[in-house]
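# Reading the structure
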Amino acid sequence: MPAMNIIQALNSAMDVLLDTDPDVIIFGEDAGYFGGVFKATDGLQAKYGLDRVFDAPINEAAIAAMAIGMAARGLKPIAEIQFADYIFPAIDQIVSEMSRIRYRSAGQFTAGCVMRSPWGGGIRGGQTHSMSPEAFFTHVPGLQVVVPSNPYDAKGLLIAAVESGDPVIFFEPKRIYNGPYDGVPDKPLASWARHPKGEVPEGRYTVELGKAEVVREGSACTLITYGTLVHVAEAAAEHSGLDVEIIDLKSLVPYDIETIAASVNKTGRVVVAQEAPRTSGFAAELAAQIQEECFYALEAPIFRLTGWDTPYPHAHEWAYFPTRDRMIRALKTVTEA
Amino acid sequence: MSNGQSRFHVPTPPFRPGDAPDFSYLNLPKAGTAKRPEALASWRETSDLATGLVGVLDHNHQAVGEWDPRLSPELLREGLSHMVLTRIYDERMLKLQRQGKMSFYMKSTGEEAVAVAAAMALRPNDMVFPSYRQQGILFARGRNIVDMMCHCISNSRDNLKGRQLPVHYAWAEGNFFTISGNLGTQFPQAVGYAMACAYKGEDRVAASWIGDGTTAEGDFHGALTLASTYRAPVILNVVNNQWAISSHQNIALGDAPTFASKGLGYGIASLRVDGNDFLAVYAATQWAAERARKGGGATLIEMFTYRADAHSTSDDPSKYRPKTEAGVWPLGDPVERLKQHLIGKGEWDETRHDTLVEAMTTLVVKSYKEAESHGTLHDGPLSPTESIFEDVYARPDWRLRRQRQDLGV
């Protein structure tokens, strides 16, 4: 199996999809000839032609609407929103339309499409290129929300998303797009640095939507997170010397309550971590649900480790997101409580 | 105009309640004077048409000029029949709403030709993305009237399982896309659908309708950008019925000459059409559909019409416009004009018309009785309660399964 980083794995997924399904069509700002600003669609237009992979006008609402219309006619569109921060102009099309066309037409029409978008901070992108807006979309019935953390999952989840038949918001952690250096050469993530590329099969395979993975087993505490922070969590677990169990959610909607509950019932202690601001973030949903499911197993208050309730800063981004050391402090707080 | 100093400007309608309405200020070229370009003519050749007016029926109700689609009397009578049914249906449904039989209703009075003629000029497999005043399309496409009523009263036979406000129909079998309450959203979706038809090599077009007020939405501009960029086989209709609830069309039009003229800036063939002229609406739609099918791309059509009744059952137009305004609308009534046209041709008469009205009235009354036998929003039966958890996703996940259990259904 070849080693790939996340970008290469996503590219491979789209290559497989384009190759095997003529209904798959890919578009977005700079997604065609140039292959995307992060090169996720690199080479695909040259290989499959202008009518399979093409550039879209700078109008995110129109991109989302185009995907809806195409999906209604039986295509499987993969639309790229250049940065997750830019998804807000498309919010009405995604929230009011894409998410509910199946519902409001009582199943007569569907809008199965995938909105891919580079997500999260850590590339010196400032407040307009660093947001983690996943919670907005987890609140919308009818949407699925996916955030992979490694190349193998990125490919398998993207193929599963396209084949799901329902609209999927597919957020890609761009801080770990290219592998080892975490976007900032002087701040490597220990675990990721050792595994810059994952083994990724060439052909078609899927990773089940809605299924989490225990990426590290432990008994002292459950650390639940997704995307980039999975690697921060691994580094934190290692450096803390604590016996931490780490769950990589992969899918936020639906999320895998069974895997979460089994782990929390075992450890009795929980840290939920997200890079997004704290208030009404997805960690709050996790904390509430865990409290409902596992209240009597809990031996300490659930700890929410999050970004701050501020817009994303440019110069101080490393003070913004949950770092390995903040995560270690969280783990100690919870395990010593 | 300018007095050499900038001024804060908000347009006002020409008339408010108490004023004597007078539409002589409108620039409405006579029927038959517009030239008809070849279907694949450059959009530039439509420049005069975008600021002028495509009309076929003259003031004597005769078909004149290059745009006359030369339709058979049978087809014209069919069109008249659909329009008459639409009007009677609307009137009956309004009455029933007033009696508390449904939560809400929106009539299309005065705009029947916009929907009926367009639907008849399109093919049955062309996809339509309507807004809420195009119920005439459903009649023209043969939708069962009882089913339409069952939707409006959200009963056990509502094909939308009671999820949509009345008149927000969806009918996949009739290629009638689900209507959104969020204005304008379906315009760029129609472009995407049309692109998919082209991608699949299908000989189909998509058509969509929005109101004059909705042209202010970003989706209008997004749709025109997409349609122009990708030369999509789509017909984008702006139904300029003069009023967006209480806001006059000039609140969206600004100082632009016409809504159709906005299409020219996008390089899209654009026509302003007498929307109360069945023949003109038919001819323009036919022209745009041929253009789309032959690879000529999109057409923007401004259907110039007048909303003769309230926006919906929730507003009273006499509060914002003169009561006499509809009566002096210079383009007349679409039903009456087609009727007189047919009478003038010796293909119709008052007796046959009365018979038609009577038959349609009977059909509507009888159909409602049948619809009510499947339940009403007020008294039920409705679709099964558990259906609220269906169709959210292809397969319900644990959250929906548990929530359904919580509700105990």
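Criteria and cut-off values
- Residues numbered from 1 in each chain as written.
- Chains lettered and ligands numbered in written order.
- Predicted model: local features only at pLDDT ≥ 70, side-chain atom pairs only at ≥ 80, totals over all residues.
- Heavy atoms only, no water.
- Pairing = 2+ DSSP bridges.
- Helix = DSSP H or I, 4+ residues; strand = E, 2+ residues; numbered from the N terminus.
- Axes fitted to C-alpha atoms, helices over the stretch in contact; angles between N-to-C directions.
- Contact = heavy atoms within 4.5 Å.
- Parallel < 35°, antiparallel > 145°, perpendicular 65-115°, else oblique.
- Left-handed = near helix turned anticlockwise from the far one by under 90°.
- Nonpolar A, V, L, I, M, F, W, Y, C, P; charged D, E, K, R; others polar.
- pLDDT = per-residue confidence, 0-100.
- Buried area = accessible area lost by both parts, 1.4 Å probe.
- Salt bridge = Lys/Arg side-chain N within 4 Å of Asp/Glu carboxyl O.
- Polar contact = N/O pair within 3.5 Å; in protein donor to acceptor, adjacent residues only side chain to side chain.
- Core = buried A, V, L, I, M, F, W, Y, C linked by side-chain atoms within 4.5 Å.
- Buried < 20%, exposed > 50% of the residue type's maximum accessible area, 1.4 Å probe, protein only.
- Phe/Tyr/Trp six-rings, centres within 6.5 Å; stacked < 30°, edge-to-face > 60°.
- Lys NZ or Arg CZ within 6 Å of the ring centre and 35° of its normal.
- 1 Å grid on protein atoms, 1.4 Å probe; cavity = no way out; pocket = protein on both sides within 12 Å on 5 of 7 lines; lining within 4 Å.
- Points joined across faces, edges and corners; volume = space filled by probe spheres on them.
- Right-handed = clockwise from strand over helix to strand, strands pointing away.

### Considerations on the sheet that holds strand β2 (residues 24–28) of chain A
Residue and element names in this part refer to chain A. Read across the open sheet, the 7 strands follow the order β3-β2-β4-β5-β7-β6-β12; overall the sheet is mixed. Edge strands, defined here as strands with exactly one partner in the open sheet, are β3 (53–55) and β12 (251–253). Neighbour-to-neighbour, the strand axes of the sheet open up by a mean angle of 20°, direction not taken into account. The sheet contact formed by strand β5 (residues 114–119) and strand β7 (residues 168–173) spans 6 bridges and is parallel. By the bridge assignment for β7, P118 is matched with E172. Of the strands in this sheet, β2, β3, β4 (76–80), β5 and β7 touch helix α1 (residues 6–20), which is tilted by about 135° from β2.

### Remarks on the packing of helix α2 (residues 73–98) of chain B against helix α3 (residues 112–121) of chain B
Residues and elements named next belong to chain B. The interhelical angle for the contact between α2 and α3, taken along N-to-C directions, is 140°, at an axis separation of 10 Å. What the angle tells us is that α2 and α3 run oblique. The two elements α2 and α3 cross, and the hand of that crossing is right-handed. Between α2 and α3, the residues in contact are L75, E78, G79, H82, M83, T86 and R87 and E112, A113, V116 and M120, respectively. Class assignment of the residues belonging to the contact of α2 with α3 gives a composition of 5 nonpolar, 3 polar and 3 charged.

### Some details on the confidence of the model for chain B
Looking at chain B as a whole, its pLDDT mean stands at 96, while 100% of the residues score no less than 70. In the model output, the complex is listed with pTM 0.96 alongside ipTM 0.96.

### Let's talk about the interface of chain A and chain B
You'll often see interface size given as the accessible area lost when the parts meet. Facing 48 residues of chain A, the contacting portion of chain B comprises 44 residues. For the chain A and chain B pair, buried surface summed over both sides reaches about 3600 Å², with 60% attributable to carbon and sulfur atoms. When the area that chain A buries against chain B is broken down by residue, the three leading residues are R73(A), Y103(A) and R104(A), summing to 22%. At the junction of chain A and chain B, the tally comes to 3 salt bridges. Applying the counting rule to chain A against chain B returns 24 residue pairs in polar contact (both at pLDDT 80 or more). When residues of the side of chain A that touches chain B are traced back to their parent elements, those giving at least two are β2, β3, α3 (60–72), α4 (91–98), α5 (101–104) and α11 (282–294) of chain A. Here the side of chain A that touches chain B gets 8 residues from one element, more than from any other, and that element is α3(A). In the side of chain A that touches chain B, the residues fall into 25 nonpolar, 12 polar and 11 charged.

### Some thoughts on the sheet that holds strand β3 (residues 234–240) of chain B
All names here are of chain B. If you walk across this open sheet you meet the 5 strands as β1-β2-β3-β7-β6, and the pairing is parallel. Because the sheet does not close on itself, it has two edges, and the strands there are β1 (127–129) and β6 (269–274). Within this sheet the neighbouring strands show an average axis-to-axis angle of 20°, counted without direction. Sheet contacts for helix α6 (residues 186–199): β1, β2 (206–211) and β3; angle to β2, the most-contacted strand, approximately 170°.

### Some words on the nonpolar core
Within the largest apolar cluster, 90 residues are counted, with the highest numbers of intra-cluster contacts made by I94(A), L249(A) and V234(B). Considering every element that reaches this core, the biggest residue donor is α3(A), with 9 residues. Apart from residues lying up to four places away in sequence, I94(A) is in contact with A64(A), I87(A), S99(A), M115(A), F137(A), L143(A) and I169(A). F104(B), L138(B), C150(B) and A269(B) belong to the second-largest nonpolar core, a separate cluster that totals 79 residues.

### Things to note about the packing of helix α9 (residues 229–240) of chain A against helix α13 (residues 324–336) of chain A
Residue and element names in this part refer to chain A. In the contact formed by α9 and α13, the axes pass within 8 Å of each other and the chain directions differ by 60°. For the element pair α9 / α13, the angle class is oblique. Judged by the sense of rotation from one axis to the other, the crossing of α9 with α13 is right-handed. Along its contact with α9, which presents L229, V232, A233, A235, A236, A237, H239 and S240, the element α13 presents R324, M327, I328, L331 and K332. Looking at the contact of α9 with α13, its residues break down into 9 nonpolar, 2 polar and 2 charged.

### Overview of the packing of aromatic side chains
Counted according to the given criterion, the structure contains 32 aromatic pairs over all chains. Each residue in the set W119(A), F137(A), F171(A), Y226(A), Y255(A), F282(A) and W398(B) is aromatic and connected to the rest through ring pairs, giving one cluster. Residue placement shows R175(A) over the ring face of F321(A); its charged tip is 3.9 Å from the ring centre. Over the ring of F304(B) we find R272(B), and its NZ or CZ is 4.6 Å from the ring centre.

### Remarks on empty space enclosed by the protein
Within the structure shown, the criterion is met by 1 cavity of 30 Å³ or more. The calculated volume of the largest cavity comes to roughly 30 Å³. Around the largest cavity, the lining residues are M98(A), S99(A), I101(A), R102(A), T110(A), A111(A), D166(A), P167(A) and V392(B). Taken together, the residues of the lining of the largest cavity sort by class into 5 nonpolar, 2 polar and 2 charged.

### Examining the pattern of salt bridges
Residues and elements named next belong to chain B. Applying the stated criterion to the full structure yields 41 salt bridges over all chains. The salt bridge partner of K294 is E290, with a shortest N-O separation of 2.5 Å. Classification of E290 as partly exposed rests on a relative accessible area of 29%. Of the charged contacts in the structure, one is a salt bridge between E350 and K339, with a shortest N-O distance of 2.9 Å. On the criterion of sequence distance, the pair formed by E350 in helix α12 (residues 350–372) and K339 in helix α11 (residues 334–344) is long-range, its members being 11 residues apart. A relative accessible area of 40% places E350 in the partly exposed class. A network of salt bridges, in which partner residues are shared, links R143, D147, R157 and E370.

### Some points on helix α5 (residues 145–152) of chain B
Residues and elements named next belong to chain B. Along α5, 8 of the 8 residues are buried, which leaves the element largely enclosed by surrounding structure. Contacts from the buried residues of α5 go to α2, α4 (135–140) and α12. The opening residue of α5, the one whose side-chain oxygen lies 2.7 Å from the backbone nitrogen of V146, is N144. Downstream of α5 by a residue or two, S154 has a phi angle that is positive, lying close to 50°.

### Topic: the environment of Y266(B)
Residues and elements named next belong to chain B. By secondary structure assignment, the location of Y266 is in the loop between α9 (261–264) and β6. Residues Y266 and H221, spaced 45 residues apart in sequence, show a C-alpha to C-alpha distance of 9.0 Å. Not counting the four nearest positions on each side in its chain, Y266 is found in contact with H221, L224, T225 and S228. Polar contacts involving the side chain of Y266 include one to the side chain of H221, which spans 2.8 Å.

### Considering the pairing of β6(B)
Residues and elements named next belong to chain B. Summarising burial for β6: 6 of the 6 residues are buried, a large majority. Across the two faces of β6 the burial is the same, with A269, L271 and V273 and S270, R272 and D274 all buried. The sheet contact formed by β6 and strand β7 (residues 299–304) spans 6 bridges and is parallel. Counted as the bridge partner of L271 is I301 from β7. Crossover connection from β6 via helix α10 (residues 278–293) to parallel β7: handedness right-handed.

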